[in-house]
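Next come the chains, spelled out residue by residue.
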Amino acid sequence: MQYRQVGNTGISVSVLGHGTMRYKSRENAAEMIAHGLRLGLTYFDIGSAYSFKAFDDNAETWVGEALRGVPRESVVLSAKAQPRHGETKLDRGLGIDTRDDMWRCIENSLKRVGVEYFDFYQFWDMSADDHFDAACVGDDSPLVAMREAKEQGLVRHLGFTSHAQADQIIRWLEAVPDFRFITVYYNFMDTAPEAAINFAYEHNIGVAIMGPLRGGLLVGESEVFAQARPEFAGLPVQEIALRFLLSTPAISTVLSGMNEIAHMDQNAAVASLENPMTPEQRQRFIEAFREFSKGEPLCTGCRYCAGVCPQGLPVAHMMPLYQLAEVFKVASANAHIKSMAGHQRLDPAKCVACGLCVDKCPQKLPIPARMQRLAELSAELQEAAVE
């Protein structure tokens, strides 16, 4: 296992981080955590709403039970709570917008995990300006409690997780120098956060990556990769995706929500490579994208188009599926595309080619034409399943 420093915090973490959202059960959590420790995983990303059944029966308590007896200094724990104005669910750490509520979240999580401090405490899914306002603005904000907890040694460093646009993330980092760690959604398909990742690196701020395999879609085989970059022939897409991320110096750790021993072993093998992808290979890999797309621009996952479709289509979700199927020839996308035709929310045939999404798109993607192709492909896949 390889290890990296988290910005200038003085904390070192395994480059493969243990996401705790996808445990199947308490027993599965115990099995995966024990195996991860044997493989050298040290970073754990926990959330009070993960696998929530009751205050004392959720992923936080499962992690705490599995780590009982493990020297505290041998693991790095990052907990979080979600800043929002509106309905508060303290037991799950959701909808937090006051100092006192944040204090209760921190204390609840410390109690459930059974530790005296967290290495990192993050605002969870701070992805819009109103989320930032709920978290950081005012004398009674949750940020006040996080700073107090840091002063008392209950939290060592502050940060946030986000699906926001890069310029927003940069603006928040500039506004709150306390933030020394961010967790962002990034992979070789969703490259929109790159400017924020680079900004963090330049300012000695640690970076964790979520969504490295795009929710399990970046898996399987791709003839396109093998043809364009022969050095990757024979490697599954998920390994290429991890190699791409781990070859990025700005990234401290890559989170994976592993609940199968085989998957953890595969990921750990990649995370043990000293040179998962050389700078030259990484550059050739990036250049190959232009070859894949035959000159057409690719969706970067910036989400500028989110919420603009008058038909309610989630364009930012559908364009990457188009790319996986039509550009990268990754078969894992087909099952998702097959289910689109006739779907109330996802049917690409509902597109009326109004162009509102294109107006918002920095790449000026031909989204209506791609929606038409998705509709055709969905129908073809459904017909093939009947035959």
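Just so it is clear, the model here is predicted, and its values are computed rather than measured.

Novice: Would you take a moment to explain unusual backbone geometry for this structure?
Specialist: Glycine aside, a negative phi is what most residues show, and trans is what most peptide bonds show. Although it is not a glycine, Asn 204 sits at a positive phi angle of roughly 60 degrees. The backbone of Arg 303 sits at a positive phi, close to 70 degrees, despite the residue not being glycine. With respect to the secondary-structure elements, Arg 303 resides in the loop between helix 11 (279-293) and helix 12 (315-327). Here Arg 303 falls in the partly exposed class, since its relative accessible area comes to 44%.

Novice: Help me understand the nonpolar core, please; the structure alone is not making it clear to me.
Specialist: Where a protein is soluble and globular, its nonpolar side chains tend to be buried together. The biggest cluster of nonpolar side chains holds 113 residues, and the ones touching the most others in it are Met 102, Tyr 121, Phe 123 and Phe 179. Ranked by the residues each element gives to this core, the list is headed by helix 12, at nine residues. Apart from the residues within four sequence positions on either side, Tyr 121 is in contact with Ala 79, Lys 80, Ala 81, Met 102, Cys 105, Ile 106, Ser 109, Met 146, Val 155, His 157, Leu 158 and Gly 159. The next biggest cluster of nonpolar side chains, apart from the first, holds nine residues, and it includes Val 6, Ile 11, Val 13 and Tyr 43.

Novice: Looking at this structure, how should I read the packing of aromatic side chains?
Specialist: For any two aromatic rings, the description comes down to two numbers: the centre-to-centre distance and the angle of the planes. Applying the stated criterion to the full structure yields nine aromatic pairs. Plain terms: the ring middles of Phe 118 and Tyr 121 are 6.2 Å apart, the flat faces sit at 45 degrees to each other, and that makes the pair tilted. We classify Phe 118 as buried; its relative accessible area is 0%. Members of the aromatic cluster, connected to one another through ring pairs, are Phe 123, Phe 132, Phe 160, Trp 172 and Phe 179. When the ring centre of Trp 124 is taken as origin, the NZ or CZ atom of Lys 80, which lies over that ring, is 5.2 Å away. The ring of Tyr 117 has Arg 156 sitting right over it, with the charged end atom 4.0 Å from the ring centre.

The rules behind these values
- Residues numbered from 1 in each chain as written.
- Predicted model: local features only at pLDDT ≥ 70, side-chain atom pairs only at ≥ 80, totals over all residues.
- Heavy atoms only, no water.
- Helix = DSSP H or I, 4+ residues; strand = E, 2+ residues; numbered from the N terminus.
- Buried < 20%, exposed > 50% of the residue type's maximum accessible area, 1.4 Å probe, protein only.
- Core = buried A, V, L, I, M, F, W, Y, C linked by side-chain atoms within 4.5 Å.
- Contact = heavy atoms within 4.5 Å.
- Phe/Tyr/Trp six-rings, centres within 6.5 Å; stacked < 30°, edge-to-face > 60°.
- Lys NZ or Arg CZ within 6 Å of the ring centre and 35° of its normal.

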